[in-house]
Amino acid sequence: MKSITDTLEQRISQAIGKVTGQKGCPALVSVSKNPKFGDYQVNGVMAAAKKMKTNPRQLAEQIVEELDLDDICQPPEIAGPGFINLRLKDEFVAGRLLEINSDKDRLGIEKVKMPKTVVVDYSGPNIAKQMHVGHLRSTIIGDCISRMVEFEGHIVVRQNHIGDWGTQFGMLIALLKEQYPDILENPGSVEIADLEGFYQEAKAKSDNNEAFTQTARDEVVKLHNHDKDTITIWQHIVDESRKHYLPIYQQLSVTLNTKDERGESFYADKLADVVEQLKAKKLAVESDGAMCVFPGDFKNKDGEPLPFIIQKSDGAFLYATTDLAAMRFRIDELKADKIIYVTDARQSLHFQMLFETAKMAGWTNDDINLMHVTFGTMLGTDGKPFKTRTGGTVKLKDLLEEAVQRATAAVEEKNPDLPAEQKKQIAKAIGIGAVKYADYSNNRNSDFIFSFDKMLAMEGNTAPYMQYAYARIKSIERKAEDNGVNTQNKLTGIKQLAFTEEAEKELAKMLIRYDQAIAVAAEECRPNYLTSYLYDLAQSFSRFYNACPVLKASSDQRAVRLLLCDLTARTIKHGLTELLGIEVVEQM
Ligand code: ARG
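Parameters at a glance
- Residues numbered from 1 in each chain as written.
- Predicted model: local features only at pLDDT ≥ 70, side-chain atom pairs only at ≥ 80, totals over all residues.
- Heavy atoms only, no water.
- Salt bridge = Lys/Arg side-chain N within 4 Å of Asp/Glu carboxyl O.
- Helix = DSSP H or I, 4+ residues; strand = E, 2+ residues; numbered from the N terminus.
- Buried < 20%, exposed > 50% of the residue type's maximum accessible area, 1.4 Å probe, protein only.
- Near = heavy atom within 4 Å.
- Polar contact = N/O pair within 3.5 Å; in protein donor to acceptor, adjacent residues only side chain to side chain.
- Pairing = 2+ DSSP bridges.
- Core = buried A, V, L, I, M, F, W, Y, C linked by side-chain atoms within 4.5 Å.
- Contact = heavy atoms within 4.5 Å.
- Expected span 1.5 Å × (residues − 1).
- Axes fitted to C-alpha atoms, helices over the stretch in contact; angles between N-to-C directions.
- Lys, Arg positive; Asp, Glu negative; His and termini not counted.
- Right-handed = clockwise from strand over helix to strand, strands pointing away.
- Parallel < 35°, antiparallel > 145°, perpendicular 65-115°, else oblique.
- Left-handed = near helix turned anticlockwise from the far one by under 90°.

A. Molecular detail of the pattern of salt bridges. Applying the stated rule across the entire model yields 31 salt bridges. The shortest N-O distance in the salt bridge between aspartate 71 and arginine 11 comes to 2.8 Å. With a gap of 60 residues between them, aspartate 71 in the loop between helix H3 (56–66) and strand S3 (77–79) and arginine 11 in helix H1 (residues 4–20) connect regions that are remote in the sequence. Relative accessible area serves as the criterion here: at 26%, arginine 11 is assigned to the partly exposed category. Taking the shortest distance from any N to any O, the salt bridge between aspartate 269 and lysine 270 comes out at 3.5 Å. For aspartate 269, a relative accessible area of 60% corresponds to the exposed category. Beyond isolated ion pairs, a larger network of salt bridges with shared partners links Asp90, Glu502 and Lys505.

And the structure:
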């Protein structure tokens with residue numbers, strides 16, 4: 001089914017069009033902030049009136065005359081300078097709930113009619129290094145975006161643009177060769193258990209040892225010339241790194257797979273052509289020995305044009321060159337209609353210049369939507385960039401372990417008698433869920449203070465709160481079953497619903513807005529819109545549950561209320577597990 005806002009938007013826009021004789025005047029329908037003024041508010045009349053140079057209130061009256069929303073709303077009311085307030089009819093709300101109820105998988109939410117191909121570029125760890133906390137945000141925010149866009153019905157192509165081709169590989173290959181002179185005989189036998197330690201060792205050596213530095217440099221050249229032995233060792237390092245980051249994806253329930261990997265190395269043989277073509281188009285010019293494009297009006301702090309460097313004077317290609325090649329690949333080969341890049345805000349300028357350069361080169365055009373989704377820095381509770389006690393970067397693995405540990409202690413305290421296996425499962429759901437949810441619920445552009453205490457709190461907009469809201473409903477359902485009320489069969493059979501209490505209606509109206517919450521969150525790539533909705537829903541449920549006894553109600557009322565319980569649980573579960581990748585538990 002179509003979302004209510006979309007239906008209202010369409011019908012009202014039509015009415016505005018009819019009255020004004022103008023096409024394309026949006027109705028601008030939004031959910032009312034205050035239920036006193038109805039459920040939805042039409043904000044578009046003022047703009048239309050301004051265009052027509054007429055009185056907005058009178059125009060609103062004419063539009064209301066023209067409007068036919070009888071099947072959805074009570075008679076519209078005009079307010080203030082020309083707002084139109086709409087209140088849904090109970091029958092309409094009830095009908096919607098039944099439609100949602102009868103659709104097990106998609107909760108009544110239709111797929112888009114015209115699917116687009118959307119490339120989502122996220123995570124992108126630099127391999128041969130342990131994934132650190134900075135990669136957490138890109139990984140999970142990108143994953144939620146992919147899940148939402150996919151759920152809407154678009155074709156999502158996940159791309160993990162891993163950093164697997166940098167000069168750092170020279171020293172890693174050199175060190176591996178030095179430590180394991182026989183490595184080429186059986187590379188698989190060499191395990192790099194401590195990836196970070198290995199990287200540090202190589203780095204220390206190349207800082208202090210002239211001869212080693214030279215060998216490392218030679219290895220980079222060999223790598224870029226596809227020397228067979230060097231490539232074998234490089235491949236081994238890549239494989240070893242993968243062993244470190246794939247389990248983290250798994251632990252985080254992130255949908256990235258090996259098949260989504262298309263790292264920098266993939267584009268290596270396409271870079272010379274990028275430079276050649278930009279030269280041929282007279283966009284790339286030499287400046288201080290380097291090949292540069294000067295896209296748009298970007299200026300440095302002295303007011304001079306800012307170069308987008310695509311080849312250094314020694315012939316080396318750069319991050320920018322790879323991104324240009326990747327964009328061409330995604331548009332030409334993957335047939336992207338939209339490309340979403342998820343990285344921290346410090347890369348903003350890079351992506352602005354990238355988009356502008358690609359446009360100048362004619363590699364992209366206005367039909368292709370390029371979007372850089374940025375996020376702020378993760379801070380410690382002291383407000384400074386998140387570090388370990390000794391000032392090192394926090395490894396993601398350690399962080400997740402600590403979260404689960406803390407959740408284990410909380411479960412142990414609350415529910416010492418549960419079977420050990422169940423306690424473990426609950427602790428994992430809460431611990432990992434808390435880390436993810438805290439990030440999601442934050443406006444992604446703000447810096448974000450990482451606090452275990454806050455994210456594991458049972459109060460406020462946290463994972464444990466949402467998980468508890470779900471588990472609580474499940475316990476109500478279990479109780480109903482214990483009392484001989486068959487919840488499942490009964491609910492699917494319900495054909496008619498009548499609300500008796502305001503709190504029931506309020507909750508029902510929240511439930512039928514889930515599709516809208518997803519649409520807005522997906523459009524703007526903002527998971528926090530989804531978490532806010534889920535939190536509002538849980539709170540609305542609490543108000544309902546306080547006001548309306550479920551098990552003690554008359555049998556008709558009980559059926560309605562059990563249905564509301566069930567749909568709330570299903571919505572929360574869908575949001576958490578399918579879209580945010582956070583587990584729920586039946587009991588907490
Ligand atoms: N490897 C990069 C980093 O760690 C992120 C890659 C983002 N994607 C891209 N197409 N540039 O900063």
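So much for the structure itself; the text now carries on.
B. Spotlight on the site of the ligand. Taken together, Asp121, Gly124, Asn126, His135, His161, Tyr319, Asp323, Tyr341, Thr343, Gln347 and Phe351 form the complete shell of residues around the ligand. At 2.7 Å, a side-chain N or O of aspartate 121 approaches a nitrogen atom of the ligand. Interatomic distance of 2.7 Å between a side-chain N/O atom of tyrosine 319 and a nitrogen atom of the ligand. If you list the elements that add at least two residues to the shell around the ligand, you get helix H11 (319–332) and strand S10 (338–344).

C. Representation of the pairing of strand S7 (residues 284–287). Bridge count for S7 against strand S8 (residues 290–293) is four bridges, and the pairing is antiparallel. Residue glutamate 286 lies in a different strand from S8, and its bridge partner there is methionine 291. The hairpin formed by S7 and S8 contains two residues between the paired strands, and aspartate 288 there has a positive phi angle of roughly 50°.

D. How the structure looks around the nonpolar core. Membership of the largest hydrophobic core comes to 159 residues, with the highest contact counts inside it found for Leu8, Ile12 and Leu399. Every residue in contact with leucine 8, bar those within four places of it in the chain, is listed here: Val29, Tyr40, Leu69, Ile72, Cys73 and Leu86. Grouped together as the second largest cluster of nonpolar side chains are 34 residues, Val274, Phe298, Phe329 and Phe355 included.

E. Layout of the side chain of serine 32. In this fold, serine 32 is placed in the loop between strand S1 (29–31) and strand S2 (40–42). If sequence neighbours within four positions are ignored, serine 32 has contacts with Phe37, Gly38, Asp39, Tyr40 and Gln41.

F. Broad picture of helix H12 (residues 348–360). Here H12 spans 18 Å end to end across 13 residues, near enough to the 18 Å set by a 1.5 Å rise per residue. By the burial criterion, the buried members of H12 are His350, Phe351, Met353, Leu354, Phe355, Thr357 and Ala358. Looking at the packing, one finds that the buried side of H12 touches helix H10 (271–280), S8, strand S9 (308–311), H11, S10 and strand S11 (369–375). Two residues or fewer after H12 comes glycine 362, characterised by a positive phi angle close to 75°.

G. Main features of the environment of leucine 256. By the secondary structure assignment, leucine 256 is in the loop between helix H9 (228–251) and H10. Residue classification places leucine 256 among the buried positions, given a relative accessible area of 5%. Here the alpha-carbon distance between leucine 256 and arginine 158, two residues 98 residues apart in the chain, equals 7.2 Å.

H. Structural detail: the sheet that holds S2. Judged by pairing direction, the sheet is antiparallel, and its four strands sit side by side in the order S1-S2-S4-S3 without closing on themselves. The strands lining the two open edges of the sheet, one partner per strand, are S1 and S3. Each strand of the sheet is rotated relative to its neighbour by a mean of 30°, with strand direction disregarded. Both S1 and S2 contribute to a ladder of three bridges, which runs antiparallel.

I. Expanded view of the side chain of glutamate 264. With respect to the helices, strands and loops of the structure, glutamate 264 is situated in the loop between H9 and H10. Here glutamate 264 sits buried without a salt bridge, and the closest side chain of opposite charge, arginine 330, lies 9.7 Å off (N-O distance).

J. A look at the pairing of S11. The buried fraction of S11 amounts to six of the seven residues, a majority that puts the element mostly inside the structure. Pairing of S10 with S11, which is carried by seven bridges, proceeds in the parallel orientation. Residue tyrosine 341 lies in a different strand from S11, and its bridge partner there is histidine 372. What joins S10 to S11 is H12, and the crossover it makes is right-handed.

K. The arrangement of the packing of helix H5 (residues 134–152) against helix H19 (residues 514–523) in detail. At a minimum axis distance of 9 Å, the contact between H5 and H19 shows a crossing angle of 125°. Taken together, the axes of H5 and H19 lie oblique to each other. Considering the relative orientation of H5 and H19, their crossing is left-handed. Of H19, the residues touching H5 (which contributes Met148, Val149, Phe151 and Glu152) are Ile518, Ala519, Ala521 and Ala522.

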